[in-house]
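Per-entry structural report
Here is how the chains run, residue by residue.
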Protein chains: 2
Amino acid sequence: MNLNDLINQVSSWLKGTGPHSDIVISSRIRLARNLDKTPFPHWAKKNDAEQVLVTTKAAFERTAELKSAVFLRLEELDNIDKQFLVERHLMSNEHAVRSNQKALCVTPREDVAIMVNEEDHLRIQVMESGFDLDKTWDVINSIDDQLSGFLSYAFSREWGYLTACPTNTGTGMRGSVMLHLPALVMSRQINKVLEAIAKLSFTTRGLYGEGTQASGNFFQISNQVSLGLREEEILGNIKGVIGQIIEQEQKAREVLLAEHREMLEDRIWRSYGTLKNAHIISSGETVELLSMLRLGNDLGLVENMERGLINELFILTQPAHLQKLENKKLSANERDIKRAQIIRERLKV
Amino acid sequence: MNLNDLINQVSSWLKGTGPHSDIVISSRIRLARNLDKTPFPHWAKKNDAEQVLVTTKAAFERTAELKSAVFLRLEELDNIDKQFLVERHLMSNEHAVRSNQKALCVTPREDVAIMVNEEDHLRIQVMESGFDLDKTWDVINSIDDQLSGFLSYAFSREWGYLTACPTNTGTGMRGSVMLHLPALVMSRQINKVLEAIAKLSFTTRGLYGEGTQASGNFFQISNQVSLGLREEEILGNIKGVIGQIIEQEQKAREVLLAEHREMLEDRIWRSYGTLKNAHIISSGETVELLSMLRLGNDLGLVENMERGLINELFILTQPAHLQKLENKKLSANERDIKRAQIIRERLKV
């Protein structure tokens, strides 16, 4: 597997399949793990960090789920490739920016991605399409079990897994679910929903991860507390909260269809028409319009469309993806033209 | 011929044919004429006005160009039918509002329309597609010649034709040309052009006649002076001025294509996409988007489209037309939905 192969495939977590995939894009769990008797990455000297790369790479090679994974040293990648991996949700922006003695291990399906020497020695991520935290948990738990056999984790009987930032200590786990909530946004109920879950210690982020604003009606909701509860309890809490949000979105969609069908069809079809015809389009507008198209598809108003195709366009239309497709650096204006071209080609009936 | 037949046809002046029809929608000449020894309509008693209807109807029946014309007494029409005739540019709004002892004579091709008892006893209008004031003049001159043989016109050797409003006295003639000037608008040269022609005593109106704003980049330009010059001189002046505006618009289109092609294609195709997909659309937005589609068609950027179809949509999407198509009264919101439906149907490839 080669980095350049990724652009020709849809990440497994973006297929648009799995439970409640009309509302839930993907389920994600990540575990923060550190090696015993080794300074955390921010404080580590070059030799220590280098040793972490060697040790973890060897452990990955012995782990069943990572057999066909690639191990990418970030110093060897150019900026577009690094941004490309960020856009595919395979690593954080921070990981791309300072890349000395950092690595990314990623499977061909892109369901597993492990950052080495980010804030912690290991940030293990597993993503699945749809609302399926159980399956996600099974996969990451199996990987974690095997790795713990090959590596000596920093672990305290009192505190649990030790991490660079205390907020991650304990389980080191964060579960998050990416939701598409256009009906709650259109019916202006979304703020009430987000305020309620904030009180339950959940955080909300945008489509493109930490520090990004919610856009195109996408909301990534995750647990804030990782200490004092067992993993299964944390996941149970997330499932309960997300289940309620899904119900509220479903009800809001029904009300929109029953009471504002013409307005809804107008917005959806106009979005589709613009996507199919624009010759210059920004990424912000693209996300908004794709969100409407996805809703139209999920409600059965727009037919003969694969949900996976719409999902893929969210990723494919981002700056580094466009530049990899064109195989050269593009200015912002050139990207807006290329983006419109890609969308027209993919949506051509 | 029946009034209801008109909705199923494109008015001859809207066919999108004739000289310079990429920029000039239509050429129009109207003559104001009054009967000798008869009070002007605003001052006429009912019997006088009734006599004018009888006398002129008889004269029309003897005129070659009016052989198959219908003579519509406006009292016999309902408000939607009257508004329908206004929307087709066959009579003025004023003529529709106060309709006692008023009539409209219109040919099946809709190239000739004569208002009886509007501001003057006769307002004779001839319209042709494209930039063709000579043909228009030939037709209206022939009609006027014949009518002057059957009717006794109010005419003074010193002043020429006498009219209710002194600004029309003399030739009683107004020539006007409907222009589509999107490139002059987009390149912000239009105000300079309109100021220049205002100094030459020309007036500018919108797509829908007197009192309407220019919208969708349409400008109806006509002479203000009708006294002191012969008809041929007035028409010569109009032709000279319009010819220059056509050249400026052509040049502006070339510059746009050469220097801003992507921006232009983006605007045109987005407009087309919205027209083909909207489910609710106002008349204002419709005119703006159709203007862009017409430009795209005229520049060869949008292919396989009849200019006549685009022209027809400007007329067909107006309120009374929508209500005649639906055969019932429609609220503003219902019209916006019906308008979008008609446009989608007509633009379906």
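Once a new chain begins, its residue numbering starts again from 1 and follows that chain's sequence as written. Whichever chain is written first is A, and whichever ligand is written first is 1; the rest continue in order. Under the rules for a predicted model, residues below a pLDDT of 70 receive no local features and side-chain atom pairs below 80 are neither given nor counted, while totals for whole chains, interfaces and linings still include all residues. Hydrogens and waters are ignored; side-chain quantities use all the structure's heavy atoms.

As named in an unreviewed UniProt entry, chain A is Protein-arginine kinase, taken from Velamenicoccus archaeovorus. UniProt positions are given in the numbering used here, feature names are shortened, and annotations may be inferred rather than shown by experiment. Of the comments in the UniProt record for chain A, the one headed Catalytic activity (unreviewed entry) reads "L-arginyl-[protein] + ATP = N(omega)-phospho-L-arginyl-[protein] + ADP + H(+)". Annotation of chain A in UniProt includes, under Sequence similarities (unreviewed entry), the sentence "Belongs to the ATP:guanido phosphotransferase family."

So, on to the overall build of chain A. For the purposes of this entry, the term helix denotes a DSSP run of H or I that reaches at least four residues, the term strand denotes a run of E that reaches at least two, and both are numbered from the N terminus. When its secondary structure is counted, chain A shows twelve helices and ten strands. All radius of gyration figures rest on C-alpha atoms, and the globule criterion is 2.2 Å times the number of residues raised to 0.38. Against the compact-globule benchmark of 20 Å for 349 residues, chain A has a radius of gyration of 21 Å, which places it among compact chains. In terms of principal-axis extent, the alpha carbons of chain A reach across some 65 × 45 × 30 Å. Each residue is placed in one exposure class: buried if its accessible area under a 1.4 Å probe, protein chains only, is under 20% of its type's maximum, exposed if it is over 50%, and partly exposed if it falls in between. Looking at chain A residue by residue over its 349 residues, the buried ones come to 56%.

For the rest of this paragraph, the subject is the sheet that holds strand β5 (residues 122-129) of chain B. All names here are of chain B. Strand order in the open sheet formed by eight strands is β2-β3-β4-β5-β1-β8-β10-β9, and the pairing between neighbours is antiparallel. Edge strands, defined here as strands with exactly one partner in the open sheet, are β2 (70-73) and β9 (202-205). Along the sheet, successive strands turn relative to each other by an average axial angle of 20°, direction set aside. Only strands that DSSP links by at least two bridges are regarded as paired with each other. Two strands pair when backbone bridges link them, and strand β1 (residues 24-33) and strand β8 (residues 173-180) are joined in this way by seven bridges, in the antiparallel orientation. When the sheet's bridge partners are listed, S26 is paired in β8 with M178. Think of each axis as a best-fit line through the C-alpha atoms, taken over the contacting stretch in the case of a helix, with angles from 0 to 180 degrees between the N-to-C directions.

Turning to the pairing of β8 of chain B, a few remarks are in order. Residues and elements named next belong to chain B. Of all eight residues making up β8, eight are buried, and the element is well covered by its neighbours. The alternating pattern of β8 places M173, G175, V177 and L179 and R174, S176, M178 and H180 on opposite faces, both of which are buried. Here β8 runs beside strand β10 (residues 218-223); their pairing, made up of five bridges, is antiparallel. Bridging across to β10, M178 finds its partner in Q220.

Further remarks concern the interface of chain B and chain A. Taken together, the contact pairs 15 residues of chain B with 15 residues of chain A. Reported buried area values correspond to the accessible surface (1.4 Å probe) lost by two parts on association, with both partners' losses combined. By the criterion of area lost to chain A, the three top residues of chain B are R270, N277 and H279 of chain B, representing 41% of everything that side buries. By definition, a salt bridge exists where a carboxyl oxygen of Asp or Glu is found within 4 Å of a side-chain nitrogen of Lys or Arg. At the boundary of chain B and chain A, one finds two salt bridges. Ionic pairing is found between R270 of chain B and E285 of chain A, a salt bridge with its closest N-O pair at 2.8 Å. The definition of a polar contact used here is a pair of N or O atoms within 3.5 Å, where within protein one atom must be able to donate a hydrogen and the other to accept one, and adjacent residues in sequence count solely through side-chain atom pairs. Put simply, chain B and chain A have eight residue pairs in polar contact (both at pLDDT 80 or more) between them. It is helix α8 (residues 261-277) of chain B that provides the largest number of residues to the side of chain B that touches chain A, a total of nine residues. The contact definition used throughout considers only heavy atoms, calling two residues in contact when any of these lie within 4.5 Å.

On to α8 of chain B. With 17 residues, α8 of chain B extends 24 Å between its outermost C-alpha atoms, agreeing within 8% with the 24 Å of an ideal straight helix rising 1.5 Å per residue. Of all the residues in α8 of chain B, the buried ones are L264, E265, D266, I268, R270, S271, Y272, G273, T274, L275 and N277 of chain B. Of the surrounding elements, those touching the buried residues of α8 of chain B are α8 (261-277) and α9 (283-298) of chain A together with α5 (182-186), α7 (231-259), α9 (283-298) and α12 (332-347) of chain B. A helix's residues, less one, multiplied by 1.5 Å, set its expected span.

In this section: the environment of T274 of chain B. All names here are of chain B. By the secondary structure assignment, T274 is in helix α8. Overall, T274 belongs to the buried group, its relative accessible area being 10%. Residues T274 and A96 lie 178 residues apart in sequence; the distance between their C-alpha atoms is 34 Å.

This next bit is on the side chain of T107 of chain B. Residue and element names in this part refer to chain B. Counting through the fold element by element, T107 comes out in the loop between β3 (103-106) and β4 (112-116). A distance of 2.6 Å separates a polar atom in the side chain of T107 from a polar atom in the side chain of D111. Not counting residues up to four positions away in its chain, the partners in contact with T107 are M1, E65, L66, A69 and V112.

Once that is clear, we can look at the relation of the copies chain B and chain A. C-alpha atoms of residues with pLDDT of at least 70 in both copies form the basis for the least-squares superposition of the copies. For the pair chain B and chain A, the best superposition has an RMSD of 0.0 Å and corresponds to a rotation of 180° with a translation of 0.0 Å parallel to the axis. In symmetry terms, the pair is related by a two-fold rotation axis. Distance from the rotation axis, computed per C-alpha, reaches its smallest value in chain B at G273 of chain B: 2.1 Å. In this assembly the copies share their binding face: 100% of the residues contributing to the interface of chain B also contribute to that of chain A.

Now for the packing of helix α11 (residues 319-326) of chain A against helix α12 (residues 332-347) of chain A. Residue and element names in this part refer to chain A. Packing of α11 against α12 leaves a shortest axis separation of 10 Å and a crossing angle of 80°. The orientation of α11 relative to α12 falls into the category roughly perpendicular. Contact with α11, carried on its side by P319, L322, Q323, L325 and E326, involves R335, K338, R339 and I342 of α12 and no other residues of that element. Split by residue class, the contact of α11 with α12 holds four nonpolar, one polar and four charged. Each angle receives one of four descriptions, namely roughly parallel if under 35 degrees, roughly antiparallel if over 145, roughly perpendicular if within 65 to 115, and oblique otherwise. Side-chain classes follow a simple rule in which Ala, Val, Leu, Ile, Met, Phe, Trp, Tyr, Cys and Pro form the nonpolar group, Asp, Glu, Lys and Arg form the charged group, and the remainder, Gly included, forms the polar group.

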